[in-house]
Structures are given as structure tokens and as C-alpha cells.
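Breakdown of the fold
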Amino acid sequence: MAKQTVKDLDVKGKRVIVRVDFNVPLKDGVITNDNRIQAALPTINYLTENGAKVILMSHLGKIDHKDPEKCEAGKKKNNMAPVAARLAELVPGKVTFVPETRGEVLEKAVADMNEGDIVLIQNTRYEKGESKNDPELAEYWAKLGDLFVSDAFGSVHRAHASTVGIATHLPSACGFLVQKEIENLSAAIDNPKRPLVAILGGAKVSDKIAVIENLLTIADKVIIGGGMAYTFAVAEGHSVGNSLLEADKVDMAKDFIARGNGKLILPVDTVIANDFENPTDIKTVDIDAMPDGYMGLDIGPKTIELFKNELQGAHTVVWNGPMGVFEKPEFATGTIEICKAISELPEAMTVIGGGDSASAAINLGFKDKFSHISTGGGASLEYMEGKELPGIAIIQEKA
């Protein structure tokens, strides 16, 4: 890596501000999945074991500052207190939770820290200026520390006060999680072993325009599934009934097909139903034979075989987006089969770009079958688009 990592810093006795991703799912104040806390432990433990005073910052959920009533409700719902309690169970050292984002209580908690101690600050989004990268807020937070470590890959595509602003004032480095993400995504996208096959799914073409643009130039094949495939089906002249369709993107899909010059692989059959919520008639039809009144909700068996064949011989595979409505068992087959096919490729580097496809792989039991599953859906998507990630760009280069 060209960027400094936490191991390049002399941390003993230093106050190290670490931007982590503790944006965990909460239900009635109880954490339902602590994966994001677990993912930050290698960096946190390394710092405490090497005598750092660790100041942790993270956002949690969304807070609407435009509406005072919604703002208060958002703060109540997205309080970091349960996260602090869980963290204290996972680390050997002392964890102090400061239920504020600035002020005397916070400053005293930091001043009273000993080597190896951890302070977790309240949700950064309590501050209106966080998402605007407010310079005054960033400077205030930076004064709490001596060094800054970026370890929240799920937030590095956002130029916020806690992801970018603080790093403009302090010596900075990547934590182990961010280092691992960049190394894996770079190996898959920037310097892949070929052939490189990209698989894109999900609902909308509009969400993946820049990704398709970039991958058509760097991948050897681009496989399209999910709801977005029906816009491509219309571009090929087929009727798609009540399927998800972005009519204003049909011409763009035609352009992608033409520019792909055989590189773009599209579904040839689809699993359809007469209703999304309560389907009473589910069947499989060829992509050019979809009846009116039905909607496509998964790829069909012929498409599964086609996609499996196109994956054969791949040395690098990047996957972003499910093949169908995988949350419903009757429309999960396509995602399961493609997940399985990718996981069984011999000696291939296989990377999942976060989001729904990561959830699918983990929930379906394939967590350990991939080379890398990204922790940041939006960040990995922007990396696949070829964009610079501001939370990475700001980190200092190695000397």
C-alpha cells in the first residue's frame, strides 16, 4: 500500500483518534449483529497493546437535523450507549462512553486517559456539521488527539468531518480493516489476474451506470442479473410485463450492449410471478416470452447454467448485487447457485462488493468461501466505478 498503515505510527502514549464503523443494526436498543464491532477489534487491540490512548468515533443510523422533533427521535434511537456496552465485553481494557460529541465532559474523559484506555464518543451524526465536513467541528475533534487512524471502510466514500476533516489536522494512517479492503479491491479491480469476470445484480441500472461503464473497459466479461436485467431485456426488444423497468435507461442499456461487443452476458430465462407480495402463480419462461401481468423476480435455470459456463476459467471474480429477490425463498435460487458457483472456482480471487450481495453470501452460509467480502457497500461500489475515495485519499502516503 502507498498509504501509511497503523504500524507506521509511533503510538505509545499518544492519543489516537480512530474512525470506526460501529453503524450496527439496533432493535429496541439491542444490537442484533455485532460484525462491525468485531471487524474493528484488530486495530483497536493493536493500539491498546502498544500503549495508545484510543479515542473511537463512529456514526450510527440517520439523524434529520432539519426537523427538531425528528432530530430528537433520531438521537434517542441512535444512541451509542449499547455499542459501548458491547465493546466493553470484547476488549480487555477500560472502555469509557462519553454521551456527548463536544464539551467539558468529553475533554476531561480524554485528559484522564491512561495508556491502553478506550474512550467511545457519542454518535458523530449528533453534530449537524458532521456530514458537511464543517471545518470548525473537524478542528475541535482533531485537538482531542495526536494521531488519526481511518478504519471505517463503510464511510471512506463520504467527505465528512470525522472521515476527512480530522485527517487534515493530524498525522494519519489506515487501520487494518481499511488496509485489507484496499489491498483486496485493488488486486481485483486495478491489477487483476485474468480473465476478470464481473457480476452485477440489484434493482436499478441507474445505481450501477458508472460501475458498468468502468467494468466494460477493464473486465473480460460483465454478467448482468437482478432487477436491472429487465431494462436490458427491453433494450433487446423484449416485453417484460410488470417487471422492474427504468424506461429512461433503455437507450443507455442499448448503448452498453453495443459497446460490450459480446462482453455483456444477459439472462436468457426468468422466474416470474403474478404478484410480488402474495404470488399464487410462479413459473419459468424464456426472456422473450414473458406474459403481461407477470413480473420477473429471479434468473431461470438456463441463465444459471449460462452464467456458470461464463465463469469457468475466471481467475478473478467481482460480484455486486443479487440475482433476484433472494430474501424470499422462492426467488433465491439464482443468487444461491451463482454464489455457490463463484465459491467453487479453483484458484480464483473472488471478491464481493458489500451491500446485499455480501448479506446474501453471509446469510446463505458462504462467508468463508470467498477471498474477500467487503464491509462497505457504497465505498466498494465507488471503488468499482474507478472513483477516488476521499477518506482514503486524505491519508498520508508512506515515507
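Preceding this paragraph is the structure being described.
Residues numbered from 1 in each chain as written. Predicted model: local features only at pLDDT ≥ 70, side-chain atom pairs only at ≥ 80, totals over all residues. Heavy atoms only, no water.

Regarding the overall build of the protein
The helix and strand tally for the protein stands at 15 helices and 17 strands. At 23 Å, the protein has a C-alpha radius of gyration in line with the 21 Å of a compact globule built from 399 residues. Overall, the protein is about 70 × 50 × 35 Å in size when its C-alpha atoms are taken along their principal axes. Within the protein, the fraction of its 399 residues that count as buried is 55%. (Helix = DSSP H or I, 4+ residues; strand = E, 2+ residues; numbered from the N terminus. Rg over C-alpha atoms; globule rule 2.2 N^0.38 Å. Buried < 20%, exposed > 50% of the residue type's maximum accessible area, 1.4 Å probe, protein only.)

Topic: the sheet that holds strand β14 (residues 295-299)
Pairing is antiparallel in the open sheet, where three strands are placed in the order β13-β12-β14. Every other strand in the sheet has two partners, leaving β13 (282-286) and β14 as the edge strands with one partner each. Neighbour-to-neighbour, the strand axes of this sheet turn through a mean angle of 40°, independent of strand direction. Bridge count for strand β12 (residues 269-273) against β14 is four bridges, and the pairing is antiparallel. Its bridge partner being in β14, Thr270 is matched across the sheet by Ile299. In this fold helix α11 (residues 301-311) packs onto β12, β13 and β14, with an angle of close to 40° to the strand it touches most, β14. (Pairing = 2+ DSSP bridges. Axes fitted to C-alpha atoms, helices over the stretch in contact; angles between N-to-C directions. Contact = heavy atoms within 4.5 Å.)

Considerations on the nonpolar core
Ranked by internal contacts, the top residues of the largest apolar core, which has 60 residues, are Leu200, Leu215, Ile224 and Phe232. With six residues, the single largest contributor to this core is helix α8 (residues 209-218). Ranked by size, the runner-up nonpolar core spans 29 residues in total, among them Val6, Ile44, Leu87 and Leu120. (Core = buried A, V, L, I, M, F, W, Y, C linked by side-chain atoms within 4.5 Å.)

As for the environment of Val268
Mapping Val268 onto the fold places it in the loop between β11 (264-265) and β12. Distance from Val268 to Gly227, taken between C-alpha atoms, is 14 Å for residues 41 residues apart in sequence. For Val268, the residues in contact, after removing those within four places along its chain, are Asp286, Ile287, Lys302, Thr303 and Leu306.

Observations concerning empty space enclosed by the protein
Scanning the entire structure with this criterion turns up four cavities of 30 Å³ or more. In this model, the largest cavity occupies a volume close to 50 Å³. Lining the largest cavity, in full, are Asp21, Arg36, Ala39, Ala40, Asp151, Phe153, Gly154, Leu177 and Thr375. Sort the elements by how many residues they give to the lining of the largest cavity and helix α1 (residues 35-49) lands first, with three residues. Residues that form the lining of the largest cavity fall into these classes: four nonpolar, two polar and three charged. Put simply, the second largest cavity is a space of about 40 Å³. (1 Å grid on protein atoms, 1.4 Å probe; cavity = no way out; pocket = protein on both sides within 12 Å on 5 of 7 lines; lining within 4 Å. Points joined across faces, edges and corners; volume = space filled by probe spheres on them. Nonpolar A, V, L, I, M, F, W, Y, C, P; charged D, E, K, R; others polar.)

Quick notes on the pattern of salt bridges
For the coordinates displayed, the defined rule picks out 22 salt bridges. Across the pair Asp8 and Lys398 runs a salt bridge whose closest N-O atoms are separated by 2.8 Å. One end of the pair, Asp8, is in the segment before β1 (15-19); the other, Lys398, is in the segment after α15 (390-393), and 390 residues separate them in sequence. Close ionic contact of Arg102 with Glu136 constitutes a salt bridge, the shortest N to O distance being 3.3 Å. Taken together, the residues Arg102 in the loop between β5 (95-98) and α4 (104-111) and Glu136 in helix α5 (residues 135-142) connect sequence positions 34 residues apart. Each of Asp34, Arg86 and Glu89 takes part in one network of salt bridges that share partners. (Salt bridge = Lys/Arg side-chain N within 4 Å of Asp/Glu carboxyl O.)

A short note on the sheet that holds strand β17 (residues 372-373)
Overall, parallel pairing links the six strands, which are arranged β11-β10-β9-β15-β16-β17 in an open sheet. Bordering the open sheet on either side are β11 and β17, each of which pairs with just one other strand. Pairing analysis gives two bridges linking strand β16 (residues 349-352) to β17, with the strands arranged parallel. Bridge pairing in β17 places Ile352 opposite Ile373. The sheet contacts of α8 involve β9 (196-200), β10 (221-224) and β11, and relative to β9 the element is tilted by about 160°.

Comments concerning α1
Its 15 residues place the ends of α1 22 Å apart at the C-alpha level, agreeing with the 21 Å of an ideal helix rising 1.5 Å per residue. At Leu41, α1 is deflected by roughly 40°, the largest bend along its length, and proline Pro42 occurs up to four residues later in sequence. Within α1, burial applies to Ile37, Ala40, Leu41, Thr43, Ile44, Asn45, Tyr46, Leu47 and Thr48. (Expected span 1.5 Å × (residues − 1). Bend = angle between axes of the 7 residues up to and from the residue.)

Looking at the layout of surface pockets
If you add up the space inside the largest pocket, you get close to 710 Å³. Taken together, 26 residues line the largest pocket, and the ones lying closest to its centre are Asn35, Ile362, Ile373, Ser374 and Thr375. For the lining of the largest pocket, the elements supplying multiple residues, two or more each, are α1, α7 (176-190), α13 (355-363) and β17. Sorting elements by how many residues they give to the lining of the largest pocket places α13 first, with five residues.

What to know about unusual backbone geometry
The residue after Arg194, namely Pro195, is reached through a cis peptide bond having omega 5°. You can see Pro195 is positioned in the loop between α7 and β9. In the Ramachandran plot, Asp28 falls in the positive-phi region, its phi being about 55° despite a non-glycine side chain. Inspection of the secondary structure assignment puts Asp28 in the loop between β2 (26-27) and β3 (30-31). Classification of Asp28 by relative accessible area gives exposed; the value is 77%. With phi around 50°, Asn133 is a residue other than glycine that occupies positive phi space. Tracing the chain through its elements places Asn133 in the loop between β6 (118-121) and α5. Given a relative accessible area of 23%, Asn133 falls into the partly exposed group.

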